[in-house]
Amino acid sequence: MRALVTVFLLLFLSGCAYRAQEAPPGSWQAQQATLARLQDWQLSARLGIITPDERGSLSLFWRQEQDDYRMNLTNVVGRRVFDLSRRRGAIQLTDSEGQLHSAGNARDLVFRLTGWDLPVEQLAHWIKGLPGEADQVEYDADGRPQSLRSHGWRLNYLGYTRIDGLWLPSRLDLSHDTTTLRLAINQWELKP
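Sequence positions are assigned chain by chain, starting from 1 and proceeding in written order. Confidence filtering applies because this is a predicted model: local features only for residues at pLDDT of at least 70, side-chain atom pairs given and counted only at 80 or more, and all residues used for totals across whole chains, interfaces and linings. Side-chain metrics in this entry use all non-hydrogen atoms of the structure; hydrogen atoms and water are not considered.

S.K.: Describe the overall build of the protein, and please don't skip the residues or the numbers.
M.R.: Secondary structure summary: the protein contains 4 helices and 11 strands in total. Partly exposed residues are those whose accessible area sits between 20% and 50% of the maximum for their type, while under 20% is buried and over 50% is exposed, using a 1.4 Å probe and protein chains only. Evaluated residue by residue, the protein yields a buried proportion of 41% over its 192 residues. Across the protein, the fraction of contacts at a sequence separation of at least 24, relative to all contacts at a separation of at least 6, is 39%. Numbering of helices and strands runs from the N terminus, with a helix taken as a DSSP run of H or I at least four residues long and a strand as a DSSP run of E at least two residues long. Contact between two residues is taken to exist if any of their heavy atoms lie within 4.5 Å; hydrogens are not considered.

Next up, the structure:
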């Protein structure tokens, strides 16, 4: 009987130790793994861009499908500012005149054509609240990213909303040198 109690106690304690190492549902560790697997999503948002030469408010539509994406920016009257996409590694931008431009790097292409410094490749992760491994991150009281620094960028997460059981950013401020971006996300759509 004593041996049976000892075995039961050892199994119980090992089970407790295993559960203690797992991230509780809804915790940042559990969410971080889920966000890393989230490859298909889309959002619509308002994007404010402030540079020394201009201030603008735009509508942003972003659809992400694995490594490919489409980012569409329109002005307040619905006119296309540009449509940026990546398909099978090829990056193309259609400008407001309908002309097609290509490059190997989305950030450089956008900067060359508009003068705006947009961290397109990193933004696909940051916009989900998913910092990169090299990013310096500060967390809020709930364990979610509150601010991060990376590649000269400073991000502040100003709000979160719960979508399909995940806490996703609803407002972000990004700054780099003389560029400031303000993002207010109106709608998230997650595809399993």
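S.K.: So what about the sheet that holds strand β7 (residues 136-139)? Which residues, and what values?
M.R.: For two strands to be treated as a pair, DSSP must find no fewer than two bridges joining them. The strand order across the open sheet built from 11 strands is β6-β5-β4-β3-β2-β1-β11-β10-β9-β8-β7, with neighbouring strands paired in antiparallel fashion. Looking at which strands have only one partner, the edges of the open sheet turn out to be β6 (100-103) and β7. Averaged over all pairs of adjacent strands, the angle between strand axes in this sheet comes to 20°, irrespective of strand direction. Summarising the sheet, strand β4 (residues 80-87) and strand β5 (residues 90-95) pair through 6 bridges and their orientation is antiparallel. Considered in β5, the bridge of Leu84 is made with Leu93. Only the contacting stretch of a helix is used when fitting its axis, a line to C-alpha atoms as for every element, and angles between N-to-C directions run 0 to 180 degrees. Across the sheet, helix α2 (residues 28-37) lies against β7, β8 (145-150) and β10 (166-176), angled at about 80° from β10, the strand it touches most.

S.K.: Quick rundown of the side chain of Asp83? Include the residues and the values.
M.R.: Within the element layout of this structure, Asp83 appears in strand β4. Taking relative accessible area as the criterion, Asp83 reaches 14% and is therefore assigned buried. A polar atom in the side chain of Asp83 sits 2.9 Å from the side chain of Arg70. With residues up to four places along the chain from it excluded, the contact list for Asp83 reads Arg70, Met71, Asn72, Gln92, Leu93 and Thr94. Whenever a nitrogen or oxygen atom comes within 3.5 Å of another N or O atom, the pair is scored as a polar contact, on the condition that within protein one atom can donate a hydrogen and the other can accept it, and that pairs from neighbouring residues in sequence are kept only if both atoms are in side chains.

S.K.: I'd love a proper account of the environment of Thr34, names of residues and values included.
M.R.: As for its placement among the helices and strands, Thr34 is situated in helix α2. Its relative accessible area of 28% is what places Thr34 among the partly exposed residues.

S.K.: Can you lay out helix α3 (residues 106-114) for me, pointing to particular residues and giving the numbers?
M.R.: Among the residues making up α3, those that are buried are Ala106, Leu109 and Val110. The arc that holds the buried residues of α3, viewed along the axis, is 95°, so those residues lie on one side. The outward face of α3, more than 90 degrees from its buried face, is lined by the exposed residues Asp108 and Arg112. Just beyond α3, the residue with positive phi is Gly115, at close to 85°. The directions from the helix axis to the C-beta atoms are what the arc is built from.

S.K.: Quick one: what's the story with the pairing of strand β9 (residues 153-163), residue by residue and with numbers?
M.R.: Sheet analysis places β8 next to β9, joined by 4 bridges and oriented antiparallel. By the bridge assignment, Ser147 is partnered in β9 with Asn156. Between β8 and β9, which pair antiparallel and follow one another directly, the connecting turn spans 2 residues, one of which, His151, has a positive phi of 50°. Judged from the 9 bridges that link them, β9 and β10 form a sheet pairing that is antiparallel. Bridging across to β10, Asn156 finds its partner in Asp173.

S.K.: Lay out the environment of Leu174 with the relevant residues and their values.
M.R.: Inspection of the secondary structure assignment puts Leu174 in strand β10. The exposure class assigned to Leu174 is buried, which follows from its relative accessible area of 2%. The residues contacting Leu174, other than those within four sequence positions of it, are Pro119, Leu123, Trp126, Trp153, Arg154, Leu155, Thr179, Thr180 and Leu181.

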